[in-house]
Amino acid sequence: MEMMGIRKMVVMVILMVALFEGSSRAVTLCNMDDDGLAACKPSVTQPTPAEPTPECCKALASADLTCLCSYKNSLVLPALGIDPKLAMELPAKCNLTPPSDC
C-alpha cells in the first residue's frame, strides 16, 4: 500500500475511534473542531443538503482548506457520512476561495 494510502487509513481509524469512543476529547480535522464539523454536516450530507449556516461558514473560514481538499478522494469523508462533492462545493457557498488545485 502506498504511503498516502496508509496515512489516510490511519487518519480514518483515528477519527472513527475518536467518534465512537464517547469521550469528552474534541475531534479536530484540518483546524475544524467537532462543533464546526457538526455545524457543517447538514450541508454536506445527502440526500437533501441544507444551505450552510453562519456557524458553518465561520468554522470553515478558520479551517485549512488545502488540508480539507486533500480528503476529497479519500474514504474518510464518506465514512463520516459526508459527501465529498458537496464538501468541495462548501467553500464557494460560504463565499470563501477554495485552493486553486482543489
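Structure report, in brief.

Thoughts on the environment of Lys72
Next up, step 1: Structurally, the position occupied by Lys72 is in the loop between helix H4 (65-69) and helix H5 (76-79).
Next up, step 2: Residues Lys72 and Ala87 lie 15 residues apart in sequence; the distance between their C-alpha atoms is 7.9 Å.
Next up, step 3: Setting aside chain neighbours within four positions, we find Lys72 in contact with Leu77, Pro84, Met88, Asp101 and Cys102.

With respect to the pattern of salt bridges
Next up, step 1: Taken as a whole, this structure holds one salt bridge when the rule is applied.
Next up, step 2: Put simply, Glu89 and Lys85 hold a salt bridge, and the shortest N to O gap is 2.6 Å. One end of the pair is Glu89 and the other is Lys85, both in helix H6 (residues 84-93) and four residues apart, which spans about a single turn.
Next up, step 3: A residue is classified by how much of its surface remains accessible, and Lys85, at 58% relative accessible area, is exposed.

Let's talk about helix H3 (residues 54-62)
Next up, step 1: Taken as a whole, H3 has its buried residues at Cys56, Cys57, Ala59 and Leu60. Projected down its long axis, H3 shows its buried positions confined to an angular sector of 160°, all on one face. Opposite the buried face of H3, at more than 90 degrees from it, the exposed residues are Pro54, Glu55, Lys58, Ala61 and Ser62.
Next up, step 2: Buried residues along H3 sit against strand E2 (32-33), helix H2 (34-40), H4 and H6.

Conventions we followed
Residues numbered from 1 in each chain as written. Predicted model: local features only at pLDDT ≥ 70, side-chain atom pairs only at ≥ 80, totals over all residues. Heavy atoms only, no water. Helix = DSSP H or I, 4+ residues; strand = E, 2+ residues; numbered from the N terminus. Contact = heavy atoms within 4.5 Å. Salt bridge = Lys/Arg side-chain N within 4 Å of Asp/Glu carboxyl O. Buried < 20%, exposed > 50% of the residue type's maximum accessible area, 1.4 Å probe, protein only. Arc of directions from axis to C-beta.

So, to be careful, I would describe these as geometric facts and stop short of saying anything about function.
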